Amino acid sequence: MDSIERGRRLARFFTREVVRSIAKSGHKSEMVTSLRSFLGRSEADLAIGPLFDEGFRELNNKYRCEYVYKAHIVNKLVFGRHSPRTASVQTELQVGKSVADIVVFNGTSTAYEIKTEFDTSRRLETQTADYLKVFDNVYVVTHPDLIRKYSDIVPDRVGVIALTARNRLSERKSAISNVDSVSSRSIFRIMRQSEYMEAVVNAYGEQPPIPNGVLFKHYEALFSKLKPRDAHAALVSAFRMRTTSVEMADYLSCLPASLRALGYATPLSALQRGRVSQAMGVFGK
């Protein structure tokens, strides 16, 4: 088995399905057993958390797939520069016809579109156009050898970051703030009903009872009249609330660094999160 094929197989252990498996079966998860076998480890060698960290190190060294980039963005920006209690993360967020790989909400919003050495630039023009309708800062994160390529492709307002061989996120082209050019209507479309209703009430005051059949259009019409900066502020406020609770931050912090990005990406109940947390320090017996 060559290194690329081994890397592809190893990457399958860093998916939502694996986290759900641990949430269901704890340290007895079949996926954990399979990872031990894949890495040639016995049950007595490593607890589950360090086991995944070992697998991630191999993945990072031999097959820098999209998940490797996601993990470094989450660990270096949210757990390094900011804090999981103040910065919220959304992964694979639907925006228009595109899906943003990672968006970080702290005092503002920053979208990160990952382009590994295995990806193409085919959809980048559409993706960045969609993101610029919603987010303040937009970056492409890529391999150092592809910096010039993507710097020449992206719009002036879009920045470019390299994930270096030493696992640093090196900004090679700065993003330009886009907050005054976002589309209020586009922002409305990615918010939950409770979030856009609260934003409208804050801006215009209490609304009369609205029949369900016309509620969406009523609130969309009002929200769309907000100034871009005000609509963006409502977006940031709403999304920061989604993953920055004390309970959620504590759960994410207890995960090994290799699984934090998946912690954000995998919706679980409080009971399931507790099961995952308890499993991390357990050996396979």
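Residues numbered from 1 in each chain as written. Predicted model: local features only at pLDDT ≥ 70, side-chain atom pairs only at ≥ 80, totals over all residues. Heavy atoms only, no water.

1. Comments concerning the overall build of the protein
Part 1 of the argument: In terms of regular secondary structure, the protein is built from 14 helices and six strands.
Part 2 of the argument: Its C-alpha radius of gyration of 20 Å places the protein within 12% of the 19 Å reference for a compact globule of 285 residues.
Part 3 of the argument: Overall, the protein is about 60 × 45 × 30 Å in size when its C-alpha atoms are taken along their principal axes.
Part 4 of the argument: The contacts in the protein between residues at least 6 apart in sequence include a share of 64% that link residues at least 24 apart. (Helix = DSSP H or I, 4+ residues; strand = E, 2+ residues; numbered from the N terminus. Rg over C-alpha atoms; globule rule 2.2 N^0.38 Å. Contact = heavy atoms within 4.5 Å.)

2. What about the sheet that holds strand S3 (residues 109-115)?
Part 1 of the argument: Taken in spatial order, the six strands line up as S1-S2-S3-S4-S5-S6 in an open sheet, and their pairing is mixed. The sheet is open, and its two borders are formed by strand S1 (88-95) and strand S6 (169-173), each paired with just one other strand. The mean inter-strand angle of the sheet, taken between neighbouring strand axes irrespective of direction, is 30°.
Part 2 of the argument: Relative to S6, strand S5 (residues 158-163) runs antiparallel, the two being bridged by four bridges. Note on S6: the bridge partner recorded for Ala 162 is Ser 170.
Part 3 of the argument: Packed onto the sheet, helix H11 (residues 228-243) meets S1, strand S2 (98-105) and S3 and runs at close to 120° relative to S1. (Pairing = 2+ DSSP bridges. Axes fitted to C-alpha atoms, helices over the stretch in contact; angles between N-to-C directions.)

3. What to know about the packing of aromatic side chains
Part 1 of the argument: A complete count under the given rule lists 15 aromatic pairs for this structure.
Part 2 of the argument: Relative to Tyr 139, the ring of Tyr 112 has its centre 6.0 Å away and its plane inclined at 15°; by these criteria the two rings are stacked. Here Tyr 112, found in strand S3, pairs with Tyr 139, found in strand S4 (residues 137-142); they are 27 residues apart in sequence, far enough to count as distant.
Part 3 of the argument: Measuring from centroid to centroid gives 6.4 Å for Tyr 131 and Phe 135, while their planes differ by 50°, and the two rings are tilted. Across this residue pair, the class does not change: Tyr 131 and Phe 135 are buried.
Part 4 of the argument: By the ring-pair criterion, three or more aromatic residues cluster together here, those being Phe 188, Tyr 196, Phe 216, Tyr 219 and Phe 223. (Phe/Tyr/Trp six-rings, centres within 6.5 Å; stacked < 30°, edge-to-face > 60°. Buried < 20%, exposed > 50% of the residue type's maximum accessible area, 1.4 Å probe, protein only.)

4. Some words on the pairing of S4
Part 1 of the argument: With six of six residues buried, S4 is to be regarded as a mostly interior element.
Part 2 of the argument: Every second residue of S4 is oriented toward a common face, with Asn 137, Tyr 139 and Val 141 on one face and Val 138, Val 140 and Thr 142 on the other, all of them buried.
Part 3 of the argument: The sheet contact formed by S3 and S4 spans six bridges and is parallel. Paired with Thr 110 across the two strands is Asn 137, which belongs to S4.
Part 4 of the argument: A crossover connection joins S3 to the parallel S4 through helix H6 (residues 124-132); in handedness this β-α-β unit is right-handed.
Part 5 of the argument: Sheet topology note: the S4/S5 ladder contains five bridges and is parallel. Counted as the bridge partner of Tyr 139 is Gly 159 from S5.
Part 6 of the argument: A crossover connection joins S4 to the parallel S5 through helix H7 (residues 147-153); in handedness this β-α-β unit is right-handed. (Right-handed = clockwise from strand over helix to strand, strands pointing away.)

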